[in-house]
Amino acid sequence: MDDYLDRLARFVEGTRFDALPATTVAAARLVLLDTLGAIVAGSALPENARLAALAAARSPQGRATLLGHRVRADAFWAALTNATAGVALEVDEGNRLGGGHPAIHVVPGALAVAEEQGLDGLRLLESIVAGYEVCSRLGGATTQRANVHSHGTWGTIGTAVAVAKLAQAPAAAIRAVINLAASMSPANSWTPALDGATIRNLYPGRSGWQGILAVELQRCGFTGLRDAPSDVYGTILADRFEPALAVEKLDELGKGERYRIEQNYFKLHACCRYNHFALDAVMALRRAQPFEAGDVMRVRVTTIPFGERMATVEPVSMLGAKFSIPYAVAAAIVLGRTDRAAFEPPALGDPRIRELAQKIEIRAEPTMSPRRTDAPTAQVKIALSDGRVLEATTTVPRGDAENPVPAEEIVAKFLVLASPVLGEPRARQAVDAVHRAETLKEVSELAAVLVPEKALSR
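Computed from a predicted structure; not experimentally measured.

Rules behind the numbers
Residues numbered from 1 in each chain as written. Predicted model: local features only at pLDDT ≥ 70, side-chain atom pairs only at ≥ 80, totals over all residues. Heavy atoms only, no water. Buried < 20%, exposed > 50% of the residue type's maximum accessible area, 1.4 Å probe, protein only. Helix = DSSP H or I, 4+ residues; strand = E, 2+ residues; numbered from the N terminus. Arc of directions from axis to C-beta. 1 Å grid on protein atoms, 1.4 Å probe; cavity = no way out; pocket = protein on both sides within 12 Å on 5 of 7 lines; lining within 4 Å. Points joined across faces, edges and corners; volume = space filled by probe spheres on them. Nonpolar A, V, L, I, M, F, W, Y, C, P; charged D, E, K, R; others polar. Axes fitted to C-alpha atoms, helices over the stretch in contact; angles between N-to-C directions. Parallel < 35°, antiparallel > 145°, perpendicular 65-115°, else oblique. Left-handed = near helix turned anticlockwise from the far one by under 90°. Contact = heavy atoms within 4.5 Å. Expected span 1.5 Å × (residues − 1). Bend = angle between axes of the 7 residues up to and from the residue. Phe/Tyr/Trp six-rings, centres within 6.5 Å; stacked < 30°, edge-to-face > 60°. Lys NZ or Arg CZ within 6 Å of the ring centre and 35° of its normal. Pairing = 2+ DSSP bridges. Core = buried A, V, L, I, M, F, W, Y, C linked by side-chain atoms within 4.5 Å.

Peer 1: How should helix α11 (residues 228–237) be read in this particular structure?
Peer 2: In an α-helix, one full turn covers 3.6 residues, which means residues spaced three or four apart are oriented alike. Three or more residues of α11 are buried, namely A228, P229, V232, Y233 and L237. Burial along α11 is one-sided: seen end-on, the buried residues are contained in an arc of 100°.

And the structure:
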């Protein structure tokens, strides 16, 4: 008798580019572009440059591009290196329905394997759509435990599914790969992210590596449990795992039901998604009723329960600042911006931001949830020295599929992120290559424009 894993495996096997709706293909291209921008920008951080050098040295005969660098590695090391770089700046997309970041767990592995094997762009897009769908659906079926970080958990399956799809594996093999990958899922806590420890950035890198390995292990004859997701997520990583949710309306995809890759969100603030609810409200207030940071007496942010864990007033690192609501809100008020510069030196040491952060109170509201679209996710009240109290509420942040921005805004985001590494002309070439991804005879044509023309001095 078929179960949810059989249905997911058959869905993956049956996914065909020529049967995908035009809206799904357009969404896949945009998600691919956004993810590549996050990887290229993150590649310039010193630790990621050194990781790329290590990857190239460890696999000198590799044929997969390390994005942002003029070196290559094998698919394992390329997936690990590129995925790690892609989360470093907290600008990679995510999926509210899945409660995580499917693309950074699918794109790096699929891209590396497709390039290594000389596959075309059509196969790449096909695999991304399939891997993203399964990854998000398993995430949505999982209610993870309070301190379990979703990065890297079901992402291992996302990579494995995409790579199995590239190999045109039959449903039985895909099911086996899902079970192997589930038993290899990393288990990690939120603590490193909240403390600003960059080992957290390896979560999707490690899951990418293990997702590729799961496909190879299946070919070697290794066996997994009959239902490994229920075992791992239902007993270790989650309070609840509901297989039925993983296949809900699966048969209606493309027939009125949108693919998950069409229901994602793009990050328009360079920090943790859980900051975005308050930041949208703050930026709306700054536009509607201009005021100066020096006029602020106090700020009250009421938001989702997890917000209480993001209440650190004096983060000591870039990553820590990206997971601090007081810092992010203070930076938005003082600087009027929430891009990556708001979380880097000299902003990190700006005394105005540090002083204002001390005046920001975080309150939790149990009814607020990051997955809801019918209720507020944050309420911000700003008391000013002239007696005014400004107030704004966010329900769905800008960039979410339920509050979308024009595709041109995501393209502009990519150019801002990628141009400092690639140069603007090459960044625009990358945009063009992604826009015609399904026509590329080999994925290497895309990878070739995701490195600078000349080596950068680091």
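That shown, we press on.
Peer 1: How should I be thinking about the layout of surface pockets in this particular structure?
Peer 2: Here the idea is plain: a probe the size of a water molecule rolls over the atoms and shows the empty space left. Considering only enclosed or pocket space, the largest pocket measures out at about 700 Å³ in volume. Lining the largest pocket are 31 residues; nearest its centre among them are G99, Q144, Y274, P370 and R371. For the lining of the largest pocket, the secondary-structure elements that each account for two or more residues are β3 (142–144) and α13 (273–288). The biggest single contributor to the lining of the largest pocket is β3, with 3 residues. Within this model, the second largest pocket holds a volume of roughly 570 Å³. As for the second largest pocket, its lining consists of 25 residues, and the residues nearest its centre are K267, L268, H269, T338 and E409. Of all the elements in the fold, those that place two or more residues in the lining of the second largest pocket are α13, β8 (389–394) and α17 (407–422). In terms of residue class, the lining of the second largest pocket is built from 11 nonpolar, 5 polar and 9 charged.

Peer 1: Which parts of the structure should I look at to understand the packing of helix α2 (residues 22–43) against α17?
Peer 2: A pair of packed helices is characterised by two quantities: the angle between their axes and the separation of those axes. Between α2 and α17, whose axes approach to 8 Å, the crossing angle comes to 25°. When the axes of α2 and α17 are compared, the pair comes out roughly parallel. Remark: the crossing between α2 and α17 carries left-handed chirality. Only A407, I410, V411, K413, F414, L417, A418, V421 and L422 of α17 make contact with α2, whose side of the interface consists of L30, L33, D34, L36, G37, A38, V40, A41 and S43.

Peer 1: Explain α13 to me, please; I cannot follow it from the model alone.
Peer 2: In a regular helix each residue adds 1.5 Å, so 16 residues correspond to 22 Å; α13 covers 23 Å between its end C-alpha atoms and thus fits that length. Considering bend angle alone, the principal kink of α13 is centred on L279 and spans about 30°. For α13, the tally of buried residues reaches 12 of 16 residues, placing the bulk of the element in the interior. The inward-facing, buried residues of α13 contact β5 (296–303), α14 (318–322), α15 (325–335), β7 (378–384) and β8.

Peer 1: Honestly, the packing of aromatic side chains in this entry has me stumped. Any pointers?
Peer 2: Two aromatic rings are characterised by how far apart their centres lie and by the angle between their planes. Overall, the coordinates contain 12 aromatic pairs when judged by the stated rule. On the numbers, 5.5 Å between centres and 65° between planes, the contact of Y274 with F306 is edge-to-face. One end of the pair, Y274, is in helix α13; the other, F306, is in the loop between β5 and α14, and 32 residues separate them in sequence. Classification of F306 as buried rests on a relative accessible area of 15%. Positioned above the aromatic ring of Y265, the side-chain terminus of R273 is 3.7 Å from the ring centre.

Peer 1: What is the right way to look at the sheet that holds strand β6 (residues 360–364) in this model?
Peer 2: Pairing between the strands of a sheet is mediated by backbone hydrogen bonds and can be parallel or antiparallel. Here we have 4 strands laid out as an open sheet, ordered β6-β5-β7-β8, and mixed in their pairing. Of all the strands in the sheet, just β6 and β8 have a single pairing partner and so form its edges. Between one strand and the next, the sheet's axes are offset by a mean angle of 15°, whatever the strand orientation. Pairing between β7 and β8: 6 bridges, direction antiparallel. Note on β8: the bridge partner recorded for A378 is T394. Lying over the sheet, α15 contacts β5, β6 and β7, oriented at roughly 130° with respect to β5.

Peer 1: Before we go on, may I ask you to explain the nonpolar core in this structure?
Peer 2: Nonpolar side chains in soluble globular proteins tend to end up buried together. Grouped together as the largest cluster of nonpolar side chains are 107 residues, with contacts concentrated most on L36 and F414. Top element by residues in this core is α2. It accounts for 10 residues. If we ignore the near neighbours within four places in the chain, the residues touching F414 are L33, L36, G37, S419, A427, A430, V431 and L450. Core analysis: the next-biggest nonpolar cluster, separate from the first, contains 57 residues, A38, L89, Y274 and A321 among them.

Peer 1: What should I look at first to understand empty space enclosed by the protein in this one?
Peer 2: In total, this model carries 1 cavity of 30 Å³ or more according to the counting rule given. Looking at the largest cavity, its volume works out to about 40 Å³. Taken together, G98, G100, H101, P102, H105, C135, S136, S150, G152, W154 and G155 make up the lining of the largest cavity. For the lining of the largest cavity, the secondary structure elements donating two or more residues are α5 (102–116) and α6 (121–140). Looking at the lining of the largest cavity, its residues break down into 3 nonpolar, 8 polar and no charged.

These values are about where atoms sit, not about what they do.
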